[in-house]
Amino acid sequence: MAASAAVTANYVLKPPPYPLDALEPHMSKQTLEFHWGKHHRAYVDNLKKQVLGSELEGKPLEHIIQNTYNNGDLLPPFNNAAQAWNHEFFWESMKPGGGGKPSGELLALLERDFTSYEKFYDEFNAAAATQFGAGWAWLAYADNKLKVVKTPNAVNPLVLGSFPLLTIDVWEHAYYLDFQQNRRPDYIKTFMNNLVSWEAVSSRLEAAKAASS
Amino acid sequence: SIIKEMAASSAVTADYVLKPPPYSLDALEPFMSRQTLEFHWGKHHRAYVDNLKKQVLGSDLEGKTLDHIILNTYNNGDLLPAFNNAAQAWNHEFFWESMKPGGGGKPSGELLALLERDFTSYEKFYDEFNAAAATQFGAGWAWLAYADNKLKVMKTPNAVNPLVLGSFPLLTIDVWEHAYYLDFQNRRPDYIKTFMNNLVSWEAVSSRLHAAKAASSSSA
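How each quantity is defined
Residues numbered from 1 in each chain as written. Chains lettered and ligands numbered in written order. Predicted model: local features only at pLDDT ≥ 70, side-chain atom pairs only at ≥ 80, totals over all residues. Heavy atoms only, no water. Helix = DSSP H or I, 4+ residues; strand = E, 2+ residues; numbered from the N terminus. Rg over C-alpha atoms; globule rule 2.2 N^0.38 Å. Contact = heavy atoms within 4.5 Å. Axes fitted to C-alpha atoms, helices over the stretch in contact; angles between N-to-C directions. Parallel < 35°, antiparallel > 145°, perpendicular 65-115°, else oblique. Left-handed = near helix turned anticlockwise from the far one by under 90°. Nonpolar A, V, L, I, M, F, W, Y, C, P; charged D, E, K, R; others polar. Buried area = accessible area lost by both parts, 1.4 Å probe. Salt bridge = Lys/Arg side-chain N within 4 Å of Asp/Glu carboxyl O. Polar contact = N/O pair within 3.5 Å; in protein donor to acceptor, adjacent residues only side chain to side chain. Pairing = 2+ DSSP bridges. UniProt positions renumbered as here; feature names shortened; annotations may be inferred. pLDDT = per-residue confidence, 0-100. 1 Å grid on protein atoms, 1.4 Å probe; cavity = no way out; pocket = protein on both sides within 12 Å on 5 of 7 lines; lining within 4 Å. Points joined across faces, edges and corners; volume = space filled by probe spheres on them.

Would you mind going over the overall build of chain A with me for this structure?
Tallying secondary structure elements over chain A gives seven helices and three strands in all. Across chain A, helices and strands are ordered from the amino to the carboxyl terminus as α-α-α-α-α-β-β-β-α-α. Taken against the 2.2 N^0.38 rule, which gives 17 Å for 213 residues, the C-alpha radius of gyration of chain A at 16 Å falls within 12% of a compact globule. Each of the three principal axes of chain A carries a C-alpha extent, and together these read 50 × 40 × 30 Å. Put simply, 70% of the contacts in chain A that link residues at least 6 apart link residues at least 24 apart.

Explanation requested: the packing of helix α6 (residues 122-135) of chain B against helix α8 (residues 188-198) of chain B in the structure shown.
Residue and element names in this part refer to chain B. Viewed as axis vectors pointing N to C, α6 and α8 meet at an angle of 140°, and their least axial separation amounts to 10 Å. Considered as vectors, α6 and α8 are oriented oblique to each other. Remark: the crossing between α6 and α8 carries right-handed chirality. Residues Y122, F125, Y126, F129, N130, A133 and A134 of α6 form the contact with α8, whose own contacting residues are R188, I192, K193, F195, M196 and N197. A per-class count over the contact of α6 with α8 returns nine nonpolar, two polar and two charged.

Please explain the interface of chain B and chain A as it appears in this structure.
Quite often, the size of an interface is put as the accessible area lost when its parts meet. At the interface, 19 residues of chain B touch 19 residues of chain A. Taken together, both faces of the contact between chain B and chain A bury some 1800 Å²; the carbon and sulfur share is 65%. Summed over the three residues of chain B that lose the most area to chain A, namely B:F137, B:E177 and B:Y181, the buried surface amounts to 37% of that side. At the boundary of chain B with chain A, the tally comes to zero salt bridges. On inspection of chain B and its partner chain A, the count reaches five residue pairs in polar contact (both at pLDDT 80 or more). Those elements giving two or more residues to the side of chain B that touches chain A turn out to be α2 (34-56), α4 (83-96) and α7 (181-184) of chain B. The element best represented in the side of chain B that touches chain A is α2(B), accounting for five residues. The class makeup of the residues in the side of chain B that touches chain A is eight nonpolar, nine polar and two charged.

How should I be thinking about the sheet that holds strand β1 (residues 135-142) of chain A in this particular structure?
Pairing between sheet strands relies on hydrogen bonds along the backbone, with the strands arranged either parallel or antiparallel. Residues and elements named next belong to chain A. Ordered in space as β2-β1-β3, the three strands form an open sheet in which the pairing is antiparallel. In this open sheet, the two strands that pair with only one neighbour each are β2 (145-152) and β3 (163-169). For this sheet, the mean inter-axis angle between neighbouring strands, taken without regard to orientation, is 25°.

Whenever I open this one, the UniProt feature "domain: Manganese/iron superoxide dismutase N-terminal" (unreviewed entry) in chain B confuses me. Can you help?
UniProt's feature table lists "domain: Manganese/iron superoxide dismutase N-terminal" (unreviewed entry) at residues 16-100 of chain B, given in the numbering used throughout. The span residues 16-100 of chain B is 53% helix and 0% strand, and its two end C-alpha atoms sit 23 Å from each other.

Looking at this model, I keep getting lost on the confidence of the model for chain B. Mind explaining?
Any region with low pLDDT has predicted coordinates that should not be read closely. All names here are of chain B. In the predicted model, chain B carries a mean pLDDT of 92, and 92% of its residues have values of at least 70. Segment residues 8-14 is flagged for pLDDT under 50; beyond a separation of four residues in sequence, or across chains, it makes 19 contacts in the model. The complex prediction reports pTM at 0.92, with the ipTM value standing at 0.91.

I tried to follow empty space enclosed by the protein on my own but got confused; where do I start?
Regions of empty space are outlined by a rolling probe, equal in size to a water molecule, passed over the atoms. In this structure the tally under the stated criterion is two cavities of 30 Å³ or more. Lining the largest cavity are A:G133, A:A134, A:W171, A:E172, B:G138, B:A139, B:V175, B:W176 and B:E177. Residue composition of the lining of the largest cavity, by class: five nonpolar, two polar and two charged.

Explain the pairing of strand β2 (residues 150-157) of chain B to me, please; I cannot follow it from the model alone.
Consecutive side chains of a regular strand alternate in pointing toward one face of the sheet and then the other. All names here are of chain B. When strand β1 (residues 140-147) meets β2, the two strands line up antiparallel, connected through eight bridges. Note on β2: the bridge partner recorded for A147 is K150. In textbook terms, the turn of a hairpin is the stretch between consecutive antiparallel strands, and for β1 and β2 this stretch comprises two residues, one of which, D148, has a positive phi near 50°.

Got a minute to help me understand the layout of surface pockets in this structure?
Estimated volume of the largest pocket: approximately 590 Å³. Of all the secondary structure elements, the ones that give two or more residues to the lining of the largest pocket are α1 (29-51) and α3 (78-91) of chain A together with α6 and α8 of chain B. The greatest single-element share of the lining of the largest pocket, amounting to six residues, is contributed by α1(A). Its residues assigned to classes, the lining of the largest pocket shows 10 nonpolar, 10 polar and three charged. In this structure, the second largest pocket occupies an estimated 480 Å³ of space. Every residue lining the second largest pocket is counted, 19 residues in all, and those nearest its centre are A:A129, A:F132, A:N182, B:Y48 and B:N51. Secondary structure elements with two or more residues in the lining of the second largest pocket: α5 (117-130) and α6 (184-194) of chain A together with α2 and α4 of chain B. Here the element with the most residues in the lining of the second largest pocket is α2(B); it accounts for five residues. Grouping the constituent residues of the lining of the second largest pocket by class yields seven nonpolar, nine polar and three charged.

Structure (C-alpha cells):
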C-alpha cells in the first residue's frame, strides 16, 4: 500500500514537479519558497537528525511512518516523517493549470461513490474547512471505494488503512501568506478550481488498485 | 465549586463580546505588527465570538457565561460542538491581556520569588516555557499556570486551556501559526523569544495569581 503511494524520496527534499512560481496566481512563489523551502525542508532535516544512529536510520519513509504511528500514541519521529511524506505528496497533488472536473474513469468513480462531482467537491471542501487546528484533507481509496478523509496534524491515510490519492494541506502556513484573515474556504476553492492534478490522482488510483488485487 | 471559582477568578469578563485589547492595535510594534493584530483580533478572534453566538442561539447554553460553556462542552476531551469557539474566544481575550507595550523581561517581587521557587530560576522558567511553546506540534497554546500552590508550564493543543485541566491560567502565548506567520513566517522560536523579551505583561500575571490564590483558599 505504502509503496504504491509513490512518495519516493527518502530523507531528501524533492522539489515540486514545477518551478516555485508556476502555480501563480493561485499559490504564490512566496508561499512555495516558505512552505517548501523552509517548512518542508525542516521536516526532512529534522527527521535525518532524529533517526541518526537509531534503528530507524536508513529505513524508507513509509516504514518509519507505519512504525512510529503506534495507534495514535505517536513515537518521536512520526511527525517529521509523516510531514516529509505529506508535503511531497501535496506538491505532486497540484499542477499549473490544474483543478476543475476530471474525466474518464476517475469521474465515473467519483460519480459512483459520491453521486456527482459536485457532491464530492462539497464533501472535500467541508472536510478541509472543518479540520480544526492543523491538518490535512484527503481523497482516499479503500475497500474498492473512494472516500474523503480529514486528519489532524501529521496523520495521513497510510496509518488509517487507506491509499491516499489527493491531499490539501490546511495547516495555516499553507495559506496564510496568500489568504490571510482565516480565508481558508477561499484557499480550498482555489485549490479545487485551479490546482488539483487529476493526472496524479489517476496514477495513484491505478497503483492502489493494483496493490489491492 | 472550585472549578467555578477558578474560572471566575481568571477574569475573562466579556461574554459573547469581542473585547478590544487593552492597547491600540499598533501599540505592540515592532514586536507584533498592527497588521497581525488587525487580522488576529479583527478577523480570527472576531469569528470565534460571532460563530459561538450563532452556535448557542436557541440552545440550553445560550446566555451562559463563557467559562460555563467551556467547562460544560470539554466533555473529558470528547469535545461537544460549542467547545472550540468558546474556548478560542476565551483564550484570545486572555492572550491580548497577557501582553502590554514595553512588556517582557524578568518580573520582580513575589512573582519572581515564586518562579525561582518552582523553577529554580527565571532562566529555567524561560527555557521551559520556550520549549513548551516551541514543541506544541500543530496548533495550540503554551501557558504558565497555577495549581496546588505551585506554578507550572503547560502546553495544550488547538483550543484546549488549563481551565478544563484543573489549573488556573496565568499567562499564555498563542502558537497557532496565524499568531506569528505575518511577522515571523516559520520562525516560531523567534516569535516566542520576542514575546518573552518584549511583550509579557507581568502585571496581568500577578493580578491573575492573586485571584487564583484567593479562589484556592476560599475553597479550601
